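Observations on the model geometry
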Amino acid sequence: MKDILEYNKQAPNDYPFVYQDTMERVFAEDFNKTLVEYEDRLLKNISNYGPDYNIIRKDVRYRRPSSYERFYTVDSSDIHDVLAENFVRAYKVGGQQGYKDFGKDIEFNLGVFDIDEIALSVGDKVGAITNSYKNLVLSKLRVAFNRESSFRDFYSDLLSYKDFQKADPTYTTPMPSKKNMVDNYATREITRNVFNGRMSAYGNTKRIATYIYKTRADERVSSICAPFHNQVFQPDQVQGLIPKHRNCRCTVVPNT
């Protein structure tokens, strides 16, 4: 437990996940590739609906939600798969690290609760991502209909959408921002799943009474994290507790 208890003496970002930088890089590459393919699929799908667009543009009676669904509904299973694969990997690495912290030389395997937690997280993230693309398509359709734009002009406007290339400052944006989503998911979600895996392994030891929240206690601590420093949490309160934000350096110290 020495490496945990001396947490605050260590340099930033060197604890506790030896492979986290590599996992973040691999995930970012895979996730970016997957989003590029999803965008290509989305645009190709929309390109097939010129006749439908013209019918809706000419007759307002067809401008209802069910008429728009065909434009933004495409297969998102590859997004689900890349998130699930990388979240599971991160969770298991965190779990193995948790066992190592307690000197347990056994393999960490996902339990039913772990699998359910990952599945719920993946489902939420896929929904948020696809909804951002849905918002983009709907906003472009409404603008085009109001302007009486041709399908060609609508499609050209969609292709030129700046946030296919440019990042915004938020997490999963209301409108899609590929670079932003890749950067944020790689840093936050890998950290979150490694942390959750570690907490699951700690729980499996049946030796944890409580946890103490630890910031770095330096001038770089964010206003989000600072109030939590040295707060005590019960074992059932720590899953998903960290990270509080991107590049969060906090951890929890088990009290046995």
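Residue numbers run consecutively from 1 along every chain, following the written order of its sequence. Only residues with pLDDT of at least 70 are given local features in this predicted model, and only at 80 or more are side-chain atom pairs given and counted; all residues enter the totals for whole chains, interfaces and linings. Values shown for side chains rest on all heavy atoms present in the structure; no hydrogens or waters enter the calculation.

**Observations concerning the overall build of the protein chain**
We count a stretch as a helix when DSSP gives it H or I for four or more residues in a row; a strand needs E for two or more, and each element gets its number in order from the N terminus. Tallying secondary structure elements over the protein chain gives eight helices and three strands in all. Reading the protein chain from its N end, one meets helices and strands in the order α-α-α-α-α-α-α-α-β-β-β. The burial tally for the protein chain puts 47% of its 256 residues in the buried class. To measure how exposed things are, a 1.4 Å probe is used in the Shrake-Rupley method; for residues, cover is taken only from the protein chains shown. Put simply, the protein chain shows about 13,200 Å² of open surface, and 50% of that area lies on carbon and sulfur atoms. Only protein chains enter the accessibility calculation, which uses a 1.4 Å probe; a residue whose area is less than 20% of its type maximum is buried, one above 50% is exposed, and one in between is partly exposed.

**Details of the side chain of Asn-45**
Inspection of the secondary structure puts Asn-45 in helix α2 (residues 20–47). Judged by relative accessible area, which is 13%, Asn-45 ranks as buried. With residues near it in sequence (within four places) discarded, Asn-45 still touches Arg-70, Phe-71, Tyr-72, Thr-73 and Val-74. Should any heavy atoms of two residues lie within 4.5 Å, those residues are considered in contact.

**Observations concerning the pairing of strand β3 (residues 251–255)**
Buried residues dominate β3, accounting for four of its five residues. We treat two strands as partners when DSSP finds at least two bridges between them. Both strand β1 (residues 210–214) and β3 contribute to a ladder of five bridges, which runs antiparallel. Residue pairing across strands places Tyr-213 opposite Val-252, the latter belonging to β3.

**Observations regarding the layout of surface pockets**
Estimates place the volume of the second largest pocket at around 200 Å³. Listing elements by their share of the lining of the second largest pocket, those giving two or more residues are α6 (112–147) and α8 (178–205). Examining the composition of the lining of the second largest pocket, we find that five residues originate from one element, α8, more than from any other. Within the lining of the second largest pocket, the residues separate by chemical class into eight nonpolar, five polar and four charged. The way it works is a 1 Å grid over only the protein atoms, where trapped points that fit a 1.4 Å probe form a cavity and open points with protein on both sides within 12 Å along at least five of seven lines form a pocket, and then any residue with an atom within 4 Å of a point lines it. Grid points are joined across faces, edges and corners, and a volume is the space filled by probe spheres set on the points. Throughout this entry, Asp, Glu, Lys and Arg are counted as charged residues, while Ala, Val, Leu, Ile, Met, Phe, Trp, Tyr, Cys and Pro are counted as nonpolar. The remaining residues, Gly among them, count as polar.

**What to know about the packing of aromatic side chains**
In this analysis, rings of Phe, Tyr and Trp, with Trp reduced to its six-membered ring, are considered paired at centre separations within 6.5 Å, and the interplanar angle assigns stacked below 30 degrees, edge-to-face beyond 60, and tilted for intermediate values. On inspection of all chains with the given rule, the structure shows 17 aromatic pairs. Arranged with centres 5.1 Å apart and planes meeting at 65°, the rings of Tyr-38 and Tyr-133 form a pair that is edge-to-face. Remark: Tyr-133 occurs in helix α6 and Tyr-38 occurs in helix α2; sequence separation between them is 95 residues. By relative accessible area, Tyr-133 is classed as buried at 1%. An aromatic cluster is built from Tyr-53, Tyr-68, Phe-145, Phe-151, Phe-154 and Tyr-155, whose rings are joined through pairwise contacts. Think of it as a cone above the ring: NZ of Lys or CZ of Arg counts as a charge over the ring if it is within 6 Å of the ring centre and within 35 degrees of the ring normal. Of note, Lys-104 hangs over the ring of Tyr-99, and the distance from its end group to the ring centre comes to 5.8 Å. Positioned above the aromatic ring of Phe-228, the side-chain terminus of Lys-244 is 4.0 Å from the ring centre.

**Focus: the packing of α2 against α6**
Axes here refer to lines fitted to C-alpha atoms; in helices the fit is confined to the stretch in contact. Angles between the N-to-C directions go from 0 to 180 degrees. Packing of α2 against α6 leaves a shortest axis separation of 12 Å and a crossing angle of 35°. Here α2 and α6 pass one another in a crossing that is right-handed. On α6, the residues touching Phe-31, Leu-35, Tyr-38, Glu-39, Leu-42 and Ile-46 of α2 are Ile-129, Thr-130, Tyr-133 and Val-137. Broken down by class, the residue content of the contact of α2 with α6 amounts to eight nonpolar, one polar and one charged. With the far helix as reference, a near helix turned anticlockwise by less than a right angle produces a left-handed crossing, and one turned clockwise produces a right-handed crossing.

**Quick word on the sheet that holds strand β2 (residues 232–233)**
A sheet is described by the order of its strands in space; here three strands give the open sequence β2-β1-β3, paired in antiparallel fashion. Every interior strand has two partners, whereas the edge strands, β2 and β3, have only one. Sheet topology places β1 next to β2; two bridges connect them, and they run antiparallel. If you follow Tyr-211 over to β2, its bridge partner there is Phe-233. Relative to the sheet, α8 contacts β1 and β3, its axis offset from that of β3 by approximately 5°.

**Notes on the pattern of salt bridges**
Note on definitions: salt bridges are taken to be side-chain nitrogens of Lys or Arg within 4 Å of carboxyl oxygens of Asp or Glu. Across all of its chains, the model carries 13 salt bridges by this definition. Arg-57 is the salt-bridge partner of Glu-148, the closest N and O atoms lying 3.7 Å from each other. Of the two residues, Glu-148 sits in the loop between α6 and α7 (151–159) while Arg-57 sits in helix α3 (residues 50–58), which places them 91 residues apart along the sequence. Residue classification places Arg-57 among the buried residues on the basis of a relative accessible area of 16%. Of the charged contacts, one joins Glu-189 and Lys-125 as a salt bridge, the two residues approaching to 3.9 Å between their closest N and O atoms. Of this pair, Glu-189 sits in helix α8 while Lys-125 is found in helix α6, placing the two residues 64 residues apart along the sequence. Each member of the pair, Glu-189 as well as Lys-125, carries the same accessibility label: buried.

**So, the side chain of Asp-101**
Relative to the helices and strands, Asp-101 is located in helix α5 (residues 77–101). For Asp-101, a relative accessible area of 4% puts it in the buried group. Any pair of nitrogen or oxygen atoms within 3.5 Å is treated as a polar contact; in protein, a donor-acceptor pairing is required on top of that, and neighbouring residues in sequence qualify only through side-chain atoms on both sides. Here the side chain of Asp-101 touches Tyr-202 through a polar contact of 2.5 Å, side chain to side chain.

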